[in-house]
Amino acid sequence: MVNISFSIAGRLPIGDGAPVIVQTMCNTATDDIEASLAQCRAMAAAGAGMIRLTTQGLKQVESLRIIKERLRAEGIDTPLVADIHFLADAALAAAAVADKVRINPGNFAREHEVACAKFRELIALCKQHGTTIRIGLNHGSLGERITRRYGNTPLAMKEAVMEWLRMCLEEDFRQVVVSLKASNTLVMVEAYRLLDRAMREELGCRFPLHLGVTEAGGGDEGRIKSAVGIGTLLAEGIGDTIRVSLTEDPVHEIPAGEQIVAAIAASYSTRGGRTAVEAADWNDFIIKAACLWGPSLLDKKIDDFPLEGSTIGGRPVEQAEGEHFRDMLLQACRRRFTAPEYIACPGCGRTLYDLESTFNEVKRRTSHLAPGIKIAVMGCVVNGPGEMADADYGYVGEGRGHVTLYRGKEPVIRYIPQEEAIDRLLALIEADQKEQTFQVAGHRFAVQAAEGVDVSPALAHYAPFAVATDLAKAPVFRLFVVPQGGLPQPDGLTEEFRQDDDGSQIRVCHTPEGDSWFEFSLWGKLSGTMRARPGFSQATLEVADYTDFAVNNALMVLYALRTTSLKTVLFHAAVIGNGGRGYLFLGRSGTGKSTHARLWLKHVPGSELVNDDNPVVRIGADGTARVYGSPWSGKTPCYKNMDLPVGGFVQLAQAPYNKIQRLKGIGAYAVLVPSISGKRWDRAIADGLHATENALASGVPVWMLECLPDEEAARLCSQTIRV
Ligand code: SF4
């Protein structure tokens, strides 16, 4: 196994045990040459090992060239890094100017082959100019090609970067540094550990690693989060260069980084059998203490830590200081949440507003909110939404003086003046707090009604499924119910499907933008129209007559479509619980599912009706299928919030005799498919349904019962299928 090492710009050694380099990044516009120069000088004076500058395009490459020449003329030879995000041509031009180019090759082009070709071109230029490449992948910016296969996981981050490293080795190019940043310390640490192991075991060499907790925020929180993530890895011998990203003056990042490096090298005194921290000041204390206890908390080796005996500037740590630190460290290690969690980018040349003061104001005005709710404050709309990872709400700069507010990944209030953005953000969160939340088969969903719309009668039988609204637990979908006139009909609708079932009609269309459009009618009268965003995580329903019918159908449709990717399916079936298991009776409407269920209730002791029409089946993490009651139950009101492991599926067919047989393979699969709701013409939904149906057909017994509606049928069935 080879530890790869080289010198950046021919003078700064990195890798294979060279001293850890502490670097930072300008938050000035690179084209503002005087401001960027002033910041670079201050950073160099503070001891920055490397300085990164935003390099969006060719114009900024030219500005970087001027900045570099002027710094060199002044005797400042700190290596400069061009920060490229998307534009491959900017990376190619920067290779001849910067000492190091930071890229995510996956962002070079939508087509993977094109991105690969551009990356090889960049390698050739970097070889020619002696330029280092940093392959920088962040948790929030993984491409769909990778996440479809590995999810949005540390494993996906590792896999994504290994592909590019193999290409570097094929091209015999080793002047490469790698980073896999995330704002979640657990994700970040796990990703680097996986990568370190994979490089050793699969590549036979270790490329130098750049460590950082991205979007860490500022102040104590930003320092502690960074110390936990970076400190844990440095202590394991992983990491060659670091950046502490702070939403503050970037010059502050240098002492914070140096303190982390020093804390890892330090030895700690032991008093009365307890390890204590001796710190020069508060910042020194929080970083040392986070580096000391953070790794064991993160890895769940300890649950708490002692502060007795620790000192700051020679005096004991006060109780209030200790409690404040304990809360923040436990939260940074994701062990206990006592306050909202903030995600904030450090700002860069793309930031067009005062990020630091805005971030502090957002924190001040939202600090009362629920522990664990994640609020992101991001400098720009180009990278902000992708980089804010799994934030519940996002405040994202969009051009000069304007902001777009996000709920999760959805932009919900667009391009509003900055002066009103914090008020609107609070109003958005407040409205969400008032929504009604329900949980079916472990999936939460929320309903928000506009002023003047009464949805309480429609939701009466959802009561057993109601849960307290918790902003830190994002629902899988939200339905907004608005009055007539609240949802304009879009132009250019394309019809996909129509269904008329016993007087209730549903029409499904899509809009030119890719949204889904539903019309729910009862006895020929339109009762509601719904527009759902792609992915079905958000929808708006306009109600007219028969509000109950529209709301109920909208929720059932959204639930069925949204959860197909979550190993969950909505069945058309009657369910009987017996002996601790649930048995689902399937068949077309009118086949006698409810009748057969009633026969079990009457003639098979210990039977209980779980649901009469629309139960949910979900495959758990252990691979076991469970059936859940739901708020949807056809003609027999049965809204039980209960669940059981699935004992079997029984397809019913009317016959002049009673006979039962087990179905296997394709026969079992074919029986399940018509009983599961879904838009099968939608590729993503069909894939999700297929995966679950396959697992059910192969993991749960499926039977065919040809029967009369009599006691003997129930007895034959129950005696054969019960396990
Ligand atoms: S999200 Fe922040 S740090 Fe990232 S590119 Fe935008 S302004 Fe710069």
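Residues numbered from 1 in each chain as written. Predicted model: local features only at pLDDT ≥ 70, side-chain atom pairs only at ≥ 80, totals over all residues.

**Digging into the site of the ligand**
- Of all residues adjacent to the ligand, which total 13 residues, the nearest are Cys-345, Cys-348, Gly-379, Cys-380 and Asn-383.
- Across the shell around the ligand, the residue classes break down as six nonpolar, five polar and two charged. (Near = placed C-beta within 6 Å. Nonpolar A, V, L, I, M, F, W, Y, C, P; charged D, E, K, R; others polar.)

**Side note on the domain arrangement of the protein**
- Here the protein is described as being made up of domain 1 (1–211), domain 2 (215–336), domain 3 (341–433), domain 4 (436–562) and domain 5 (568–721).
- Placing the centre of domain 3 and that of domain 4 at their C-alpha centroids yields a distance of 28 Å.
- Broken down by element, the residue count for the side of domain 3 that touches domain 4 peaks at four residues, all from helix 14 (residues 418–433). (Domains from an automatic or database assignment. Helix = DSSP H or I, 4+ residues; strand = E, 2+ residues; numbered from the N terminus.)

**Looking at the sheet that holds strand 21 (residues 402–407)**
- A sheet is described by the order of its strands in space; here five strands give the open sequence 18-19-20-21-22, paired in mixed fashion. The sheet is open, and its two borders are formed by strand 18 (341–344) and strand 22 (410–417), each paired with just one other strand. Direction aside, the axes of adjacent strands within the sheet are offset by 15° on average.
- Examined bridge by bridge, strand 21 and strand 22 share five bridges and lie antiparallel to one another. (Pairing = 2+ DSSP bridges. Axes fitted to C-alpha atoms, helices over the stretch in contact; angles between N-to-C directions.)

**Thoughts on the pairing of strand 5 (residues 50–54)**
- For strand 5, the buried fraction is high: five of the five residues fall into the buried class.
- Here strand 5 shows no split at all, with Met-50, Arg-52 and Thr-54 on one side and Ile-51 and Leu-53 on the other all buried.
- By the bridge criterion, three bridges tie strand 4 (residues 21–25) to strand 5 in an arrangement that is parallel. Across the sheet, Met-25 pairs through a bridge with Arg-52, a residue of strand 5.
- As for the winding sense of the linkage, the β-α-β connection from strand 4 through helix 1 (residues 33–46) to strand 5 is right-handed.
- Two strands pair when backbone bridges link them, and strand 5 and strand 6 (residues 80–83) are joined in this way by four bridges, in the parallel orientation. In the strand pairing of strand 6, Arg-52 is matched with Val-81.
- Viewed along the sheet, the connection from strand 5 through helix 2 (residues 58–73) into strand 6 turns out right-handed. (Buried ≥ 20, exposed ≤ 12 C-beta atoms within 10 Å, placed from the backbone. Right-handed = clockwise from strand over helix to strand, strands pointing away.)

**Considerations on helix 9 (residues 253–265)**
- End to end, helix 9 covers 19 Å across 13 residues, agreeing with the expected 18 Å (1.5 Å per residue, within 8%).
- If you check which residues of helix 9 are buried, you get Glu-253, Ile-254, Ala-256, Gly-257, Gln-259, Ile-260, Val-261, Ala-263 and Ile-264.
- Next to the buried residues of helix 9 lie strand 4, helix 1, helix 8 (219–235), strand 12 (241–242) and helix 10 (282–298). (Expected span 1.5 Å × (residues − 1). Contact = placed C-beta atoms within 7 Å.)

**Some details on the sheet that holds strand 7 (residues 100–103)**
- Pairing is parallel in the open sheet, where eight strands are placed in the order 9-8-7-6-5-4-12-11. The open sheet has two edge strands with one neighbour each: strand 9 (176–181) and strand 11 (210–211).
- Sheet strands touched by helix 2: strand 5 and strand 6. Its angle to strand 6, the strand with the most contacts, is close to 170°.

**Quick word on the environment of Ala-91**
- Turning to its location among the elements, Ala-91 is positioned in helix 3 (residues 88–94).
- When the 29 C-beta atoms within 10 Å are taken as the criterion, Ala-91 is described as buried.
- The sequence separation of Ala-91 and Asp-249 amounts to 158 residues, and the corresponding C-alpha distance is 27 Å.
- In this structure, Ala-91 is in contact with Ile-84, Val-101, Ile-103 and Leu-122, ignoring residues within four places of it in sequence.

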